[in-house]
Amino acid sequence: MVARTNDRARTGPARVFAVVNQKGGVGKSTTAVNLSAALGEAGQKILLVDLDPQGNATSGFGLNKNQRELCVYDALLGDTSIETIIEPVESPGVFVVPATIQLAGAEIELVSAMSRETRLKTIMAPVLDDFDFVIIDCPPSLGLLTINALTTADGLIIPIQCEYYALEGLSKLLDSIRLVKTHLNPALEVFGVVMTMFDSRTRLAGQVVDEVRDFFETEVFATLIPRTVRLSEAPSFGQPVTIYDPNGKGAIAYRSLAKEVMDRV
């Protein structure tokens with residue numbers, strides 16, 4: 001088991017959130033990394049599970065995804081326990097289950113696997129009591145890896161970029177959520193929608209926010225994640241923006257989002 005870092009009273013196992021959108025380039029990994037970092041900074045104990053074969057959340061915390069002996073694949077489809085894969089990172093309170101390109105084969109291998117939709121839920125169960133939040137970074141698809149995340153999660157955080165066609169393809173995601181809710185995870189809900197890449201200088205950004213709020217109503221977080229150079233640069237330095245640019249607009253926004261998440265919980 002991962003050792004606890006403090007003696008705070010707990011009310012139960014970790015709340016599990018999957019950061020999901022089958023559309024690429026919406027700030028999904030950016031949100032998973034920086035929300036995890038901001039929650040950890042706020043005194044929470046966080047486990048970030050990188051379920052994307054691209055491994056962006058892994059490298060976003062400075063872990064070398066090309067030099068790993070074990071990753072989440074070995075727990076999903078092997079005999080490795082999840083506890084042995086969890087790694088601490090520089091960001092306070094944050095631990096990571098890394099991904100490597102090996103995970104790319106998991107979609108095919110899971111097709112013929114027993115309990116293929118619930119593998120992640122099974123391997124995560126032993127560590128839930130050790131954390132306050134588990135954040136799962138999903139791949140940009142609606143394959144079996146994402147289905148595993150939806151089956152494991154208590155709630156979903158959906159990043160949507162403030163650009164044209166922001167709602168394009170979301171009907172497929174919502175259909176998948178309904179199917180998982182009906183057949184695999186009756187408690188699954190959309191916990192929140194986060195607007196990313198917001199540019200206050202353009203009228204379009206405001207129009208997109210209004211459109212998404214009309215569609216999702218109260219599920220949309222008040223915090224808007226800005227489009228900033230420093231936020232884009234941080235992953236290349238293997239740091240969340242809360243460390244790379246702690247006083248910048250991106251860090252301030254993700255701290256605000258973390259507060260909203262904690263308040264909703």
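For the structure itself, consult the block above.
The sections below set out a description of the structure shown in this document. (Residues numbered from 1 in each chain as written. Predicted model: local features only at pLDDT ≥ 70, side-chain atom pairs only at ≥ 80, totals over all residues. Heavy atoms only, no water.)

**Topic: the pattern of salt bridges**
No. 1: Following the criterion strictly, the structure yields 13 salt bridges and no others.
No. 2: In this structure, K181 engages E189 in a salt bridge whose closest nitrogen and oxygen atoms are separated by 2.9 Å.
No. 3: Notably, a salt bridge pairs K259 with D263, separated by 3.0 Å at the nearest N-O pair. Of this pair, K259 and D263 both sit in helix α11 (residues 249-264), four residues apart, roughly one helical turn.
No. 4: Owing to a relative accessible area of 54%, D263 belongs among the exposed residues under this scheme.
No. 5: Beyond isolated ion pairs, a larger network of salt bridges with shared partners links K28, D52 and D137. (Salt bridge = Lys/Arg side-chain N within 4 Å of Asp/Glu carboxyl O. Helix = DSSP H or I, 4+ residues; strand = E, 2+ residues; numbered from the N terminus. Buried < 20%, exposed > 50% of the residue type's maximum accessible area, 1.4 Å probe, protein only.)

**A closer look at a negative patch on the surface**
No. 1: A surface patch of negative charge is lined by D210, E211, D214 and E217.
No. 2: Checked against the element boundaries, E217 lands in the loop between α8 (203-216) and β8 (220-226).
No. 3: A relative accessible area of 58% means that E217 is categorised as exposed. (Patch = residues over 30% accessible without salt bridge, like charges linked within 9 Å, V, L, I, M, F, W, Y side chains within 5 Å. Areas by Shrake-Rupley, 256 points an atom, 1.4 Å probe, with all protein chains shown as cover. Lys, Arg positive; Asp, Glu negative; His and termini not counted. Charge placed at Lys NZ, Arg CZ, Asp CG, Glu CD.)

**Concerning α8**
No. 1: Compared with an ideal rise of 1.5 Å per residue, which puts 14 residues at 20 Å, α8 spans 20 Å between its outermost C-alpha atoms and is within 8% of the ideal.
No. 2: Looking one or two residues past α8, E217 carries a phi angle of roughly 55°, positive in sign. (Expected span 1.5 Å × (residues − 1).)

**Thoughts on the side chain of S36**
No. 1: Its location among the elements puts S36 in helix α1 (residues 28-41).
No. 2: Exposure remark for S36: the relative accessible area of 0% places this residue in the buried category.
No. 3: S36 has contacts with T31, I46, L48, F61, V94 and I135, leaving out every residue within four places of it along the chain. (Contact = heavy atoms within 4.5 Å.)

**Quick notes on the pairing of strand β2 (residues 46-50)**
On a regular strand, each side chain points to the face opposite its neighbour's, so the side chains alternate between the two faces of the sheet.
No. 1: In terms of burial, β2 is largely enclosed, as five of its five residues are buried.
No. 2: Neither face of β2 is exposed, since I46, L48 and D50 on one face and L47 and V49 on the opposite face are all buried.
No. 3: Note that β2 and strand β4 (residues 94-97) share four bridges and pair parallel. Across the sheet, residue V49 finds its bridge partner in β4, namely V97.
No. 4: Judged from the five bridges that link them, β2 and strand β5 (residues 133-137) form a sheet pairing that is parallel. The partner of L47 across the bridge, within β5, is V134. (Pairing = 2+ DSSP bridges.)

**Structural notes on α1**
No. 1: Its 14 residues place the ends of α1 20 Å apart at the C-alpha level, agreeing with the 20 Å of an ideal helix rising 1.5 Å per residue.
No. 2: Most of α1 sits out of view: twelve of its 14 residues are buried.
No. 3: Within the sequence span of α1, burial applies to K28, S29, T31, A32, V33, N34, L35, S36, A37, A38, L39 and G40.
No. 4: Positive phi appears at G43, one or two residues downstream of α1, with a value of about 100°.

**What to know about the sheet that holds β2**
No. 1: Across the sheet, eight strands lie side by side as β3-β4-β2-β5-β1-β6-β7-β8; this open sheet has mixed pairing. Each edge of the open sheet carries a strand with a single partner, namely β3 (87-88) and β8.
No. 2: The strands touched by α8 within the sheet are β6 (155-161), β7 (189-198) and β8, with β7 carrying the most contacts at an inclination of about 175°.
No. 3: Against the sheet, α11 makes contact with β1 (15-19), β5, β7 and β8, and its axis sits at roughly 165° relative to β8, the strand it touches most. (Axes fitted to C-alpha atoms, helices over the stretch in contact; angles between N-to-C directions.)

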